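What the coordinates show
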Amino acid sequence: FDKVTRWFSANMETAETELHYDTPFHLLIAVILSAQCTDERVNKVTPALFERFPTLESFAEADPKEVGEYIHSCGFYRQKAKDIVYACQMLLTEYGGKVPGTMEQLLRLPGVGRKTANLLLGDIYAVPEGTPVFPNEPIMTVRAPSIEAQFIETFLLLCLNHQSLIATKANRVV
């Protein structure tokens, strides 16, 4: 694994999200929108969305139907709008207005699964908690449907050097 880690460090760029965001909660919203949608589409939708709802509080007070009007082109907009509003409400009521920094806390937020939580932990906190999967950028694929994703994440992180992952802004292993 040391050879593999050295090769990736020398030959691969640091993996970073292509989503445009200014604040951690903007990234949370953008990643929720990116499910079954391209980053390019999300980046077209979010400027108007963030102009209409500039603060966490404005999202938390929003009517999901109005949020849905802004995100319609992202697909699954009714559920995503509800998830965004309820997640923002939870950020205010349970997390002091901040995007939480642990896997367990993030997974409690509506619309957040392991992939979203891993991306947020890596991009906001530089914590290599797991291994988000980016289907358009395959580096290593593990096809083992009977094995839990969390087990694979844990195994890979134990094998790889945590410090090198942190130093490269939580490079993602697929």
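Please refer to the structure higher up on the page.
What counts and what doesn't
- Residues numbered from 1 in each chain as written.
- Predicted model: local features only at pLDDT ≥ 70, side-chain atom pairs only at ≥ 80, totals over all residues.
- Heavy atoms only, no water.
- Helix = DSSP H or I, 4+ residues; strand = E, 2+ residues; numbered from the N terminus.
- Expected span 1.5 Å × (residues − 1).
- Buried < 20%, exposed > 50% of the residue type's maximum accessible area, 1.4 Å probe, protein only.
- Contact = heavy atoms within 4.5 Å.
- Core = buried A, V, L, I, M, F, W, Y, C linked by side-chain atoms within 4.5 Å.

1. Here's the deal with helix α8 (residues 114-125)
End to end, α8 covers 15 Å across twelve residues, agreeing with the expected 16 Å (1.5 Å per residue, within 8%). Taken residue by residue, α8 has T116, A117, N118, L119, L120, L121, G122 and D123 as its buried positions. At the C-terminal side of α8, A126 shows a positive phi close to 55 degrees.

2. Digging into the environment of V31
The residue V31 is located in helix α2 (residues 24-33) in this model. A relative accessible area of 6% means that V31 is categorised as buried. Considered as a pair, V31 and G111 are 80 residues apart in the sequence and their alpha carbons are 9.2 Å apart. Contact partners of V31, with chain neighbours within four places excluded, come to L19, T116 and L119.

3. Considerations on the environment of D39
As for its placement among the helices and strands, D39 is situated in helix α3 (residues 39-52). Exposure remark for D39: the relative accessible area of 26% places this residue in the partly exposed category. Not counting residues up to four positions away in its chain, the partners in contact with D39 are E18, L19 and S34.

4. Some words on the nonpolar core
With 39 residues, the main nonpolar core has I29, L49, F59 and L109 as its most contacted residues. Those elements that place two or more of their residues in this core are α2, α3, α4 (56-60), α5 (64-71), α6 (77-94), α7 (103-107) and α8. If one sorts the elements of this core by residue count, α2 sits on top with eight residues. Setting aside residues no more than four positions away along its own chain, I29 makes contact with L49, F50, F59, I84 and C88.

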